[in-house]
Amino acid sequence: MQVDLVLYNGKIYTRKGFVEAGIAIEKGRIVKIAKETNLPKASSKINLNGHIVLPSLIDSHVHLRDQERAYREDFFTGTAAAAAGGFSLVIDMPNNKPVTMDVQSLRERMKLAKRKIAVNVAFYSAFPESLKEIRSIVNNGAVAFKLFLLEKIGGLNIGDDEAVLRAFREVKRANVPVAVHAEAKDAFEDKMRRLQDENRNDIEAFLEAHSATVEAKAVQRIIGLAEKSDAQVHFCHVSSAEGLSLIKKAKESGVNITCEVTPHHLLLTSKDLKRYKNLAVTIPPVRTREDVNALWSALKQGLIDTLGSDHAPHTMEEKQGESIWEVKPGIAGLETTLPLLLTQVDKGRLTMAKLVQLTSKNPAEIFHLSARGTLSEGYHADLVVVDVKREYKIDASRFHSKAKFSPFDGWKVKGKPVKTFVNGNLVMDEGEIVAKPGTGQIIR
Ligand code: DOR
Ligand code: ZN
Ligand code: ZN
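Residues numbered from 1 in each chain as written. Chains lettered and ligands numbered in written order. Predicted model: local features only at pLDDT ≥ 70, side-chain atom pairs only at ≥ 80, totals over all residues. Heavy atoms only, no water.

Q: Can you lay out the coordination of the zinc ion (ligand 3) for me, pointing to particular residues and giving the numbers?
A: Around the zinc ion (ligand 3), the protein contributes the donor atoms His61 (NE2), His63 (NE2) and Asp310 (OD), at 2.0 to 2.2 Å from the metal centre. Taken in sequence order, the residues that donate to the zinc ion (ligand 3) follow the motif H-x1-H-x246-D. Here the zinc ion (ligand 3) and the zinc ion (ligand 2) are spaced 3.5 Å apart. In this pair, histidine 63 is assigned in the loop between strand 8 (57-62) and helix 1 (75-84) and aspartate 310 in the loop between strand 15 (306-307) and helix 12 (316-319), connecting sequence segments 247 residues apart. Histidine 63 gets classed as buried once you look at its relative accessible area, which sits at 7%. (Donors = N, O, S within 2.8 Å, 3.2 Å for Na, K, Ca; no water. Helix = DSSP H or I, 4+ residues; strand = E, 2+ residues; numbered from the N terminus. Buried < 20%, exposed > 50% of the residue type's maximum accessible area, 1.4 Å probe, protein only.)

What follows is the structure in structure tokens.
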């Protein structure tokens, strides 16, 4: 037997931990992980130089933009950023222009993506006007729904518990998860208006309006609706101790929920806003030291299910603004997430096992992405080669993303993704994108 590709001289992260071995790949799948002498002959061979190999990351929280917001990011630049960051699959958020919220908008997005993507992409949809359409949106390939509670995006009346409950029952029937941005619209808007009446336009006002209580209110409400419907609910970017403690309680009583944290909520506090200013403005915002400590301890306790980047690129102009209320929130995180997390592993704050679990295995399970997220025979050959010894400074000016700035610019990190393979194809090599647009697949 002769296979397409053999990677040799690596330390492969398998279900049993690291093994010194090679990987044989055929038709995009891993066919064998074994010592080199036991691997089949291959038409092509790559020496991994003793580096470690992890399942490439799966990011279930990415805003790829394109269409009318291609000036911020497009399917190629966004997926190039993913490949550079060690990701082989990203799930695209629906708050686009036009909003992804029905069969037609989903199909249009997929059609455009198909010829541009460098890594695999799956799609969220927002809720449609008519809940009957949920089934056909899923049949057309959306892997999950997104519910944004801060303002209405899509067709669902987010203030109406009965409507949200009906939507949850429908996604339950369709057997797909619903990811939630938990910030309560009414509580937020009340506070924002009061602050604006006092002419408060500063970052502190922004933090006050997007308070931990605003998050906790939405978390509480959604837990109630998750319990009633038994829908599979995934909380995006949990940021506060208050929100976390509600999630902990609900998990303990058996509610069907999971949650995500982002590297920026783990590594920045509101004090850092003085230094990074608008570049670190995101929603929910980065919070207090106590909140950050609560996130880390939840991570250690096994309460956090996924680490996602919430890659949310904007132009530099959009990140400025007369008033804080005009600043576009979001951080481009695809090219910093893995180096930042590897640095935490190096410091002993995170284990490699946890990193892999939260960035590949769990996202694959939660979003029902079959045969991905683990390096195992029969699985898709999605993998990242990492040089754990490489020390360098993050240089945002060299990002593949169109957003060439980051609060993490200049941060010293240790650990670099040096090769990313997607469906058995080498897509990124030493920071360069070596595959053609269209190499990625749409995952349904
Ligand atoms: O900071 C954010 N930016 N949070 C969101 O929920 C939306 C995102 C965006 O699309 O820019
Ligand atoms: Zn969000
Ligand atoms: Zn987001």
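Moving on from the coordinates now.
Q: Give me the nonpolar core: which residues, what numbers.
A: Core analysis: the biggest nonpolar cluster contains 121 residues, and Leu147, Val233 and Phe235 have the highest contact counts within it. With 8 residues, helix 7 (residues 212-229) is the single largest residue contributor to this core. If sequence neighbours within four positions are ignored, phenylalanine 235 has contacts with Val180, Ala182, Val219, Ile222, Ile223, Ile247, Ile257, Thr258, Cys259 and Glu260. If you look at the next biggest cluster of nonpolar residues, it comprises 17 residues, including Ile12, Ile33, Ile46 and Ala381. (Core = buried A, V, L, I, M, F, W, Y, C linked by side-chain atoms within 4.5 Å. Contact = heavy atoms within 4.5 Å.)

Q: Please provide a residue-by-residue account of the site of ligand 1, values included.
A: The environment of ligand 1 is made up of His63, Arg65, Asn95, Phe148, His181, Thr282, Ile283, Ala312, His314, Pro329 and Gly330. A distance of 3.0 Å is found between an oxygen atom of ligand 1 and a side-chain nitrogen or oxygen belonging to threonine 282. Contact distances for ligand 1 include 3.4 Å between an oxygen atom and a backbone N or O atom of glycine 330. When isolated, ligand 1 has an accessible area of 290 Å², and the protein chains bury 95% of it. Here the residues of the shell around ligand 1 sort into 4 nonpolar, 6 polar and 1 charged. (Near = heavy atom within 4 Å. Polar contact = N/O pair within 3.5 Å; in protein donor to acceptor, adjacent residues only side chain to side chain. Areas by Shrake-Rupley, 256 points an atom, 1.4 Å probe, with all protein chains shown as cover. Nonpolar A, V, L, I, M, F, W, Y, C, P; charged D, E, K, R; others polar.)

Q: So, the packing of aromatic side chains: which residues are in play, and what are the values?
A: Within the structure shown, the criterion is met by 6 aromatic pairs. Measuring from ring centre to ring centre gives 6.0 Å for tyrosine 124 and phenylalanine 367, while their planes differ by 80 degrees; the resulting arrangement is edge-to-face. Note that tyrosine 124 is positioned in strand 10 (residues 120-126) and phenylalanine 367 in the loop between helix 14 (352-366) and strand 16 (383-393), a separation of 243 residues in sequence. On the basis of relative accessibility, which here comes to 0%, the residue tyrosine 124 falls in the buried class. (Phe/Tyr/Trp six-rings, centres within 6.5 Å; stacked < 30°, edge-to-face > 60°.)

Q: Can you tell me about the sheet that holds strand 15, naming the residues and giving the values?
A: Reading across the sheet, the 8 strands line up as 8-9-10-11-12-13-14-15 and stay open at both edges, with parallel pairing between neighbours. The open sheet has two free edges, formed respectively by strand 8 and strand 15, since each of these has just one partner strand. Across 4 bridges, strand 8 lies against strand 9 (residues 87-92) in parallel orientation. Looking at the pairing, leucine 57 lines up with phenylalanine 87 of strand 9. On top of the sheet, helix 4 (residues 161-174) reaches strand 11 (142-148), strand 12 (178-181) and strand 13 (233-235); it is set at about 165 degrees to strand 11, its chief contact. The strands touched by helix 8 (residues 241-252) are strand 13 and strand 14 (257-261); relative to strand 14, the strand with the most contacts, the crossing angle is about 150 degrees. (Pairing = 2+ DSSP bridges. Axes fitted to C-alpha atoms, helices over the stretch in contact; angles between N-to-C directions.)

Q: Break down the environment of arginine 166 for me, with residues and values.
A: Secondary-structure assignment places arginine 166 in helix 4. Look at arginine 166 and you get partly exposed, because its relative accessible area is 47%. Measuring from C-alpha to C-alpha, the distance between arginine 166 and serine 229 comes to 8.2 Å, with 63 residues separating the pair along the chain.

Q: Describe the packing of helix 13 (residues 337-346) against helix 14, and please don't skip the residues or the numbers.
A: Where helix 13 meets helix 14, the axes come as close as 9 Å, and the angle between the chain directions of the two elements is 150 degrees. When the axis of helix 13 is compared with that of helix 14, the two are roughly antiparallel. As for the relative orientation of helix 13 and helix 14, their crossing is right-handed in sense. Between helix 13 and helix 14, the contacting residues are Leu338, Leu341, Leu342 and Val345 on the first element and Met352, Leu355 and Thr359 on the second. Here the residues of the contact of helix 13 with helix 14 are counted per class, giving 6 nonpolar, 1 polar and no charged. (Parallel < 35°, antiparallel > 145°, perpendicular 65-115°, else oblique. Left-handed = near helix turned anticlockwise from the far one by under 90°.)

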